[in-house]
Amino acid sequence: MNSLSVIRASAGSGKSHYLTGFYLKILMKEPVGYFKQILAVTFTNKATGEMKHRIIRELSRLAKGDNSTHLDFLISYTGKSEAFIREKSARILENILHDFSWFSIETIDSFFLRIIRGFTHELGIPGNYAIEIEINPIIQHAVDALIDHVQ
């Protein structure tokens with residue numbers, strides 16, 4: 001599945017439920033270790049944690065034979081049996097838990113930070129760089145530099 005999907009929705013619109021189903025749908029159509037090929041990007045750490053939790057929870061429910069609001073959708077989407085969905089969920093869950101560092105749901109800033117760290121040499125950035133997340137120190141530094149320049 002070599003594609004990019006962008007999903008935009010406002011808070012409280014049910015996007016976490018939708019995204020969980022979307023992620024599970026991809027996992028059910030692809031090989032068990034395909035989660036290593038997926039990058040899901042969110043805007044907040046809270047959303048990242050929530051998405052990981054929801055996906056793991058649903059895979060666990062499916063694997064244990066518990067109720068899941070995604071089961072009927074997954075059966076319909078894949079054309080596979082309930083037993084197949086549940087067995088594959090167990091294998092996917094085991095793989096994710098075994099290689100959790102490859103379960104890539106992260107914030108957009110942590111994604112770009114990872115890219116920058118991987119290409120510091122190519123970007124001409126010194127190895128001891130620092131990234132400021134707080135805007136106030138940056139504004140204060142800019143104002144101080146401007147005042148020093150004017151004097």
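Right above here is the structure, for reference.
Residues numbered from 1 in each chain as written. Predicted model: local features only at pLDDT ≥ 70, side-chain atom pairs only at ≥ 80, totals over all residues. Heavy atoms only, no water.

Which parts of the structure should I look at to understand the overall build of the protein?
Within the protein one finds seven helices and two strands. Secondary structure elements of the protein occur, N-terminal to C-terminal, as α-β-α-α-α-β-α-α-α. Here the protein has a C-alpha radius of gyration of 21 Å; the compact-globule value for 151 residues is 15 Å, and the former is much larger. When the backbone C-alpha atoms are referred to their principal axes, the protein occupies close to 75 × 35 × 25 Å. Out of the 151 residues in the protein, the part that is buried amounts to 28%. Residue pairs at least 24 apart in sequence account for 69% of intrachain contacts in the protein once pairs closer than 6 positions are excluded. For the protein, the accessible surface area stands at approximately 10400 Å², while carbon and sulfur atoms represent 57% of it. Of the side-chain charges in the protein, 17 are positive and 16 negative, and the distance between the mean point of each set is 10 Å. (Helix = DSSP H or I, 4+ residues; strand = E, 2+ residues; numbered from the N terminus. Rg over C-alpha atoms; globule rule 2.2 N^0.38 Å. Buried < 20%, exposed > 50% of the residue type's maximum accessible area, 1.4 Å probe, protein only. Contact = heavy atoms within 4.5 Å. Areas by Shrake-Rupley, 256 points an atom, 1.4 Å probe, with all protein chains shown as cover. Lys, Arg positive; Asp, Glu negative; His and termini not counted. Charge placed at Lys NZ, Arg CZ, Asp CG, Glu CD.)

Any chance you could explain the nonpolar core here in plain terms?
In this structure, Y23, L27, I55, L59, I92, I96 and F103 are the most contacted members of the largest nonpolar core, which totals 23 residues. Put simply, the parts of the chain that give this core at least two residues each are helix 1 (15–29), helix 2 (45–64), helix 3 (71–78) and helix 4 (82–98). Among the elements that line this core, the one with the most residues is helix 1, at six residues. For L27, the residues in contact, after removing those within four places along its chain, are F35, I38, L59, K88 and I92. (Core = buried A, V, L, I, M, F, W, Y, C linked by side-chain atoms within 4.5 Å.)

In this structure, what is going on with a nonpolar patch on the surface? I would like to understand it.
A contiguous nonpolar patch, built from L39, V41, F43, I108, F112, I115, F119 and L123 and spanning about 760 Å² of accessible area, is present on the exposed surface. Broken down by secondary-structure element, the contributors of at least two residues to the nonpolar patch are strand 1 (39–42) and helix 5 (108–118). Element by element, the count of residues in the nonpolar patch is highest for helix 5, at three residues. Structurally, L123 is set in helix 6 (residues 120–123). (Patch = residues over 30% accessible without salt bridge, like charges linked within 9 Å, V, L, I, M, F, W, Y side chains within 5 Å. Salt bridge = Lys/Arg side-chain N within 4 Å of Asp/Glu carboxyl O.)

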